[in-house]
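Architecture at a glance
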Amino acid sequence: MGSVKEYFSNLGSGIASLVKGMQVTGKEFITPKITEQYPDNRDNLPVADRFRAVLTLKYDDEGNHKCIACGTCERVCPNGTISLDTKMVETWDGKKKKKLDKYIYDLGSCTFCQLCVTNCPTDALEFINDFEQAVFTRGKLVKQLNYLPEKEEPKPTPEQIAKMQAEKEAKIAAAKAAAAAKKAAADGAPAAAAPKETAAPELDDKAKKALAAAAGDPEKEAKIRAALEKAARLKAEKAAAVPKSDN
């Protein structure tokens with residue numbers, strides 16, 4: 001009797017274990033598959049957005065990027081992965097400007113730390129998740145990120161040209177007024193006390209243009225008016241110091 005009871009007990013345990021195993025197997029039949037059929041599903045392969053594969057330079061729809069060639073990414077890179085070639089160009093207003101010539105990036109030594117992206121002051125860089133970067137030689141891992149031709153500096157608009165010309169004429173007028181005042185002082189004007197109030201000098205065309213160009217800048221306008229008033233005062237003092245001839 002003992003052996004028959006033990007037989008049925010073991011049989012029941014075996015059946016229970018078999019049912020439990022079939023439950024696990026049945027769940028796997030309805031569980032979504034996680035195995036990716038790469039490269040057959042290359043076109044719709046799901047890749048996490050935060051996956052870092054290769055550094056790129058952001059371009060807009062018009063082919064412009066935001067890199068100002070400041071060199072911050074090159075300095076913060078721990079492996080020397082980034083190398084910038086820059087050049088100096090002259091803008092339309094005569095100023096010098098540093099501009100990007102070549103942005104060289106070595107994917108083979110990149111640690112994907114993203115320090116270049118987080119420290120970029122103009123948000124010009126990003127990591128994309130294009131992981132298919134296998135090549136036969138390491139030299140092919142060196143990439144030039146500014147793959148589009150660098151655009152020339154924009155030409156000035158008629159308004160900018162007019163403003164620049166007005167500012168130039170204002171500087172010339174102010175310099176002439178200062179030179180005239182200095183010359184009048186050097187000609188031996190008497191050191192008589194200047195009147196507390198002087199009449200506003202008449203403005204010629206150049207002085208009017210200079211004041212018009214300085215409109216909106218109180219400091220520059222005040223300097224121009226002070227120079228004109230000083231020149232007029234010295235001219236009046238010089239005229240008063242000349243003795244009248246006896247008839």
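An account of the accompanying structure is given in this report. The structure displayed is predicted, hence computed values, not measured ones.

Another point: the pairing of strand β3 (residues 96-106). Relative to β3, strand β2 (residues 82-90) runs antiparallel, the two being bridged by nine bridges. Counted as the bridge partner of T86 is L100 from β3. Here β2 hands over to β3 after five residues, with G94 in that stretch at a positive phi of 85°. Relative to strand β5 (residues 142-144), β3 runs antiparallel, the two being bridged by three bridges. Looking at the pairing, Y105 lines up with K143 of β5.

Turning next to the environment of K206. Note that K206 resides in helix α5 (residues 205-213). The spatial distance from the C-alpha of K206 to the C-alpha of A173 is 6.2 Å, given a sequence separation of 33 residues.

Moving on to the sheet that holds β5. The strand order β2-β3-β5 describes an open sheet built from three strands, whose pairing is antiparallel. The sheet is open, and its two borders are formed by β2 and β5, each paired with just one other strand. The sheet shows a mean angle of 25° between the axes of neighbouring strands, direction not considered.

Let's shift gears to the pattern of salt bridges. Where charged atoms of side chains with opposite charge meet at close range, the side chains can pair. For the structure shown, the criterion picks out two salt bridges. Ionic pairing is found between R42 and E132, a salt bridge with its closest N-O pair at 2.6 Å. With a gap of 90 residues between them, R42 in the loop between α1 (2-30) and β1 (54-57) and E132 in the loop between β4 (125-128) and β5 connect regions that are remote in the sequence. Accessibility expressed as a relative area gives 44% for R42, which makes it partly exposed. With a shortest N-O distance of 3.0 Å, D123 and K58 are connected by a salt bridge. Here D123, found in the loop between α3 (115-119) and β4, pairs with K58, found in the loop between β1 and α2 (72-76); they are 65 residues apart in sequence, far enough to count as distant. With a relative accessible area of 38%, D123 lands in the partly exposed category.

Here we take up the packing of helix α4 (residues 158-186) against α5. Close contact between α4 and α5 brings their axes to 8 Å; oriented N to C, the two are set at 125°. As the angle between them shows, α4 and α5 are arranged oblique. In this structure, α4 meets α5 at a crossing whose hand is left-handed. Facing A166, E167, E169, A170, A173 and K176 of α4, the residues of α5 in contact are K206, K209, A210 and A213. Of the residues that constitute the contact of α4 with α5, the class distribution is five nonpolar, no polar and five charged.

Looking at where Q133 falls in the secondary structure, it is placed in the loop between β4 and β5. Judged by its relative accessible area of 19%, Q133 is buried. A polar atom in the side chain of Q133 sits 3.2 Å from the backbone oxygen of D130.

About the thresholds
- Residues numbered from 1 in each chain as written.
- Predicted model: local features only at pLDDT ≥ 70, side-chain atom pairs only at ≥ 80, totals over all residues.
- Heavy atoms only, no water.
- Pairing = 2+ DSSP bridges.
- Helix = DSSP H or I, 4+ residues; strand = E, 2+ residues; numbered from the N terminus.
- Axes fitted to C-alpha atoms, helices over the stretch in contact; angles between N-to-C directions.
- Salt bridge = Lys/Arg side-chain N within 4 Å of Asp/Glu carboxyl O.
- Buried < 20%, exposed > 50% of the residue type's maximum accessible area, 1.4 Å probe, protein only.
- Parallel < 35°, antiparallel > 145°, perpendicular 65-115°, else oblique.
- Left-handed = near helix turned anticlockwise from the far one by under 90°.
- Contact = heavy atoms within 4.5 Å.
- Nonpolar A, V, L, I, M, F, W, Y, C, P; charged D, E, K, R; others polar.
- Polar contact = N/O pair within 3.5 Å; in protein donor to acceptor, adjacent residues only side chain to side chain.

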